[in-house]
Amino acid sequence: MMYTRGQFAIMGKVGRKALRLYDEEGLLVPASVDGQNGYHYYSGEQLALLEKIKSLRKIGLSLYEIKQVLDGKASEEKLVKSKIREMDLHLREVKEFAFLGGKNKDESKGVEADIRPFKKCSCIYLAENVELENLGMSVGKLYERAAREGMEAVGSHFVIYQGLLNDEGFSMTSCLPVKECNAEEAMEVFEESCIHINFAEGFSKVAKAHAIIKEYAESHNLSLAGKAYEVYNKDMSVDVYYPVSTADKH
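Residues numbered from 1 in each chain as written. Predicted model: local features only at pLDDT ≥ 70, side-chain atom pairs only at ≥ 80, totals over all residues. Heavy atoms only, no water.

## Observations regarding the sheet that holds strand β2 (residues 32-33)
Pairing in this open sheet of three strands is antiparallel, and the strands run β1-β3-β2 from one edge to the other. Two strands close off the open sheet at either side, each with one partner strand: β1 (2-4) and β2. Note: β1 against strand β3 (residues 40-43), three bridges, orientation antiparallel. When the bridges of β3 are listed, Tyr3 appears paired with Tyr42. Of the strands in this sheet, β1 and β3 are in contact with helix α1 (residues 5-12), which crosses β1 at around 100 degrees. (Pairing = 2+ DSSP bridges. Helix = DSSP H or I, 4+ residues; strand = E, 2+ residues; numbered from the N terminus. Contact = heavy atoms within 4.5 Å. Axes fitted to C-alpha atoms, helices over the stretch in contact; angles between N-to-C directions.)

## Side note on unusual backbone geometry
The phi angle at Lys13 is positive, at roughly 55 degrees, despite the residue not being glycine. Residue position: Lys13 is located in the loop between α1 and α2 (16-24). With phi around 75 degrees, Met236 is a residue other than glycine that occupies positive phi space. Within the secondary structure, Met236 sits in the loop between β9 (227-232) and β10 (238-243).

## Side note on the environment of Phe199
With respect to the secondary-structure elements, Phe199 resides in strand β8 (residues 186-199). For Phe199, a relative accessible area of 0% puts it in the buried group. When the C-alpha atoms of Phe199 and His210 are compared, they prove to be 9.8 Å apart, with eleven residues separating the residues in sequence. (Buried < 20%, exposed > 50% of the residue type's maximum accessible area, 1.4 Å probe, protein only.)

## Structural notes on the side chain of Gln46
Tracing the backbone through its elements, the reader meets Gln46 in helix α3 (residues 46-58). Residue class for Gln46 comes out buried when judged on its relative accessible area of 14%. At 2.8 Å, the side chain of Gln46 forms a polar contact with the backbone oxygen of Val29. At 3.0 Å, the side chain of Gln46 forms a polar contact with the backbone nitrogen of Ser43. (Polar contact = N/O pair within 3.5 Å; in protein donor to acceptor, adjacent residues only side chain to side chain.)

## Concerning the pairing of β9
With five of its six residues buried, β9 lies for the most part within the structure. Relative to β9, strand β6 (residues 158-162) runs antiparallel, the two sharing five bridges. In the strand pairing of β9, Tyr161 is matched with Ala228. When β9 meets β10, the two strands line up antiparallel, connected through four bridges. From the neighbouring strand, Glu230 faces β10, where its bridge partner is Val240. Where β9 folds back on β10, the antiparallel hairpin that results is connected by five residues, among which Met236 adopts a positive phi of roughly 75 degrees.

So this is what it looks like as structure tokens:
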């Protein structure tokens, strides 16, 4: 039995937008497409796969992580255990917050900013929209492209946030540094002087690093250039860089 996208969405209790996204990312591809009218059709057997995707999404796995599981490139058991540990940690933080009566502890005490360059590197990249959920999937695509085109990754992947001083111009770009990059769709990244922090409290709390950098800039009378970099390290720390405005470099 075959079902249209709309029928399948109703049966699976998901939105049609979600099905289009799962199709685009290769998680749940329609069983067939009518060449005349362009309609997408799903089989009844695909409902089980949809339920699996929904279950993994409910516990917080990203689309990229789910794709890795479905492709056999990542262990579902290990990812689920990691997510459980993350949830347990979050629950302890919530309980601690409630116990303290809503008073925040200064967990970032001792984290200090410094001035340093963002070292020059050549990167392949993907422009993003403003949906953070898609960042993980884009990073996966960059690594896949590097492998497909024989490029060697030579550093941690990072994200460039631009237009921070102008809401209309806000954008995000995922980047992967590669060795001897000759690809046309590549760019060179370099910043002479940045306010920098190495933040080790986890990705979910990295907003603290941005706040610390802003305070550092204000206390040292430095102007930020409206751009930021987040470098995601293998040890789970994040290096955050804010280029200093040209007028403040000397």
